[in-house]
Amino acid sequence: MYCLIAAEAALFVILVVAYLFYVGKSVTGPTPAILSLPIFISVCLLSSSLSIHFAVAALRKGKTVAFLLWWLLTIALGAVFLGGTAREWHHLIYEEGLRINTNLFGTTYYTLVGLHALHVSVGLLLLGTVALFALFQRVRQEHAGKVDVLSLYWHFVDAVWVVVFTVVYVIGR
């Protein structure tokens, strides 16, 4: 997992640098000023790091029901984040006219934010798989170490959002 995270971090660094390099260089079309701060969905995603931490801690203590409840909360918070991202994209595409091929801002914005959304989606699929196993009582205390590996990925996805949020919605505007 550490190797995957290192490789993914390198990819995100490249995209963040590209975004910062190209922001403000579009001569036509919408600019980053059209973005609104996604505070609520950001709080949801960052809160999911706490809920997944509590889930793993509960599993380490053998509390499988508490594990499942915290795990499902993590999934719900991640889903709210993705829904908010989809809503933002709908607004940007249909009301602001920003598409991936509109200008440099559109290209770098959708690439960076889209790659993060893809990582959240993959994470939710993995979390959902574990939840299904837990629902059928196939996740036990001795699996805590394996489940914790997945939580590392989720923490990474949340940490990347802090960087993306800062670069795109704070600095890049």
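The structure this text deals with has already been given above.
(A) Examining the packing of helix 2 (residues 39-60) against helix 3 (residues 64-94) more closely. One can describe the packing of helix 2 onto helix 3 by two numbers: an axis separation of 8 Å at closest approach and a directional angle of 160 degrees. Considering the angle they form, helix 2 stands roughly antiparallel to helix 3. Here helix 2 and helix 3 pass one another in a crossing that is left-handed. When the residues that make up the contact of helix 2 with helix 3 are grouped by side-chain class, the tally is 18 nonpolar, 7 polar and no charged.

(B) Representation of the environment of Phe67. Residue placement: Phe67 occurs in helix 3. Separated by 75 residues in sequence, Phe67 and Glu142 place their C-alpha atoms 13 Å apart. Residues contacting Phe67, with those up to four places away along its chain left out, are Ala55, Val56, Ala58, Leu59, Val130, Ala134, Val139 and Val147.

(C) Just the pattern of salt bridges, in detail. Applying the stated criterion across every chain yields a total of 2 salt bridges. A salt bridge links Arg60 to Asp148; its shortest N-O distance comes to 3.0 Å. Within this pair, whereas Arg60 is found in helix 2, its partner Asp148 is found in helix 5 (residues 144-171), the two being separated by 88 residues in sequence.

(D) Fine view of the nonpolar core. Counting residues in hydrophobic clusters, the biggest one holds 47 residues, and the most contacted among them are Phe67, Trp71, Tyr109 and Val168. Where this core is concerned, the elements lending two or more residues are helix 1 (2-22), helix 2, helix 3, helix 4 (104-135) and helix 5. Counting residues per element, this core draws most heavily on helix 5, at 14 residues. With residues near it in sequence (within four places) discarded, Tyr109 still touches Tyr19, Leu35, Glu88, Trp89, Leu92, Leu98, Gly114, Val168 and Tyr169.

(E) Region of interest: a nonpolar patch on the surface. A cluster of nonpolar side chains, contributed by Leu20, Leu37, Ile39, Val43, Val170 and Ile171, occupies part of the molecular surface with about 530 Å² of accessible area. Counting only elements with at least two residues in the nonpolar patch, the list comes to helix 2 and helix 5. Relative accessible area serves as the criterion here: at 56%, Ile171 is assigned to the exposed category.

(F) How the structure looks around the layout of surface pockets. Space inside the largest pocket adds up to approximately 290 Å³. The wall of the largest pocket is formed by 15 residues, among which Ser36, Gly84, Arg87, Glu88 and His91 lie closest to the centre. The biggest single contributor to the lining of the largest pocket is helix 3, with 6 residues. Each residue belonging to the lining of the largest pocket can be placed in one class, and the counts come to 8 nonpolar, 4 polar and 3 charged.

(G) Layout of the packing of aromatic side chains. Counted according to the given criterion, the structure contains 12 aromatic pairs. A ring pair is formed by Phe81 and Trp161, whose centres lie 4.8 Å apart and whose planes are at 75 degrees; its orientation type is edge-to-face. One end of the pair, Phe81, is in helix 3; the other, Trp161, is in helix 5, and 80 residues separate them in sequence. For the pair formed by Phe81 and Trp161, the shared burial category is buried.

(H) Structural context of helix 1. With 21 residues, helix 1 extends 30 Å from end C-alpha to end C-alpha; this agrees with the ideal 30 Å at 1.5 Å per step. Three or more residues of helix 1 are buried, namely Ile5, Glu8, Phe12, Leu15, Val16 and Tyr19. The arc that holds the buried residues of helix 1, viewed along the axis, is 105 degrees, so those residues lie on one side. Summarising the geometry of helix 1, the exposed residues directed more than 90 degrees from the buried face are Cys3, Val13, Ile14 and Val17. Residues of helix 1 that are buried sit in contact with helix 4 and helix 5. Two residues or fewer after helix 1 comes Gly24, characterised by a positive phi angle close to 85 degrees.

Definitions and cut-offs
Here the residue numbering is sequential within each chain, running from 1 through the sequence in written order. The predicted origin of the model limits local features to residues at a pLDDT of at least 70 and limits the giving and counting of side-chain atom pairs to 80 or more, whereas totals for whole chains, interfaces and linings rest on all residues. With hydrogens and water set aside, each side-chain value is computed from the structure's full complement of heavy atoms. Here the axes come from fitting lines to C-alpha atoms, over the contacting stretch only for helices, and the angles between their N-to-C directions go from 0 to 180 degrees. Runs of E in the DSSP output that reach at least two residues are strands. Runs of H or I that reach at least four are helices, and both are numbered from the N terminus. Should an angle fall under 35 degrees it is taken as roughly parallel, and over 145 as roughly antiparallel, whereas 65 to 115 is taken as roughly perpendicular and any remaining angle as oblique. Crossing handedness is read from the near helix: turned anticlockwise from the far helix by less than a right angle, it gives a left-handed crossing, and turned clockwise, a right-handed one. The classification used treats Ala, Val, Leu, Ile, Met, Phe, Trp, Tyr, Cys and Pro as nonpolar, Asp, Glu, Lys and Arg as charged, and all other residues, Gly among them, as polar. Any two residues having at least one pair of non-hydrogen atoms within 4.5 Å are treated as being in contact. The working definition used for a salt bridge is a side-chain nitrogen of Lys or Arg within 4 Å of a carboxyl oxygen of Asp or Glu. Residues enter a nonpolar core if they are buried and are Ala, Val, Leu, Ile, Met, Phe, Trp, Tyr or Cys, with the set joined through side-chain atoms within 4.5 Å. Relative accessibility decides the category of a residue: with a 1.4 Å probe and only protein chains considered, values under 20% of the type maximum give buried, values over 50% give exposed, and everything between is partly exposed. Within the patch definition used here, like charges are joined within 9 Å and nonpolar side chains (Val, Leu, Ile, Met, Phe, Trp, Tyr) within 5 Å, considering only residues with over 30% relative accessible area and no salt bridge. Only the protein chains shown count as cover for residues, and the accessible areas themselves come from Shrake-Rupley with a 1.4 Å probe. Lining residues are defined by having an atom within 4 Å of a point belonging to a cavity or pocket. Those points lie on a 1 Å grid over the protein atoms alone, cavities being sets where a 1.4 Å probe fits but cannot get out and pockets being open sets with protein on both sides within 12 Å along at least five of seven lines. Grid points are joined across faces, edges and corners, and a volume is the space filled by probe spheres set on the points. Aromatic pairs are defined between Phe, Tyr and Trp rings, using the six-membered ring for Trp, whenever the two ring centres lie within 6.5 Å; interplanar angles under 30 degrees are classed as stacked, those over 60 as edge-to-face, and all others as tilted. Take the residue count of a helix, subtract one, and multiply by 1.5 Å to get its expected span. This arc corresponds to the set of directions leading from the helix axis out to the C-beta atoms.

Geometric descriptors of this kind do not, in isolation, establish any biological role.
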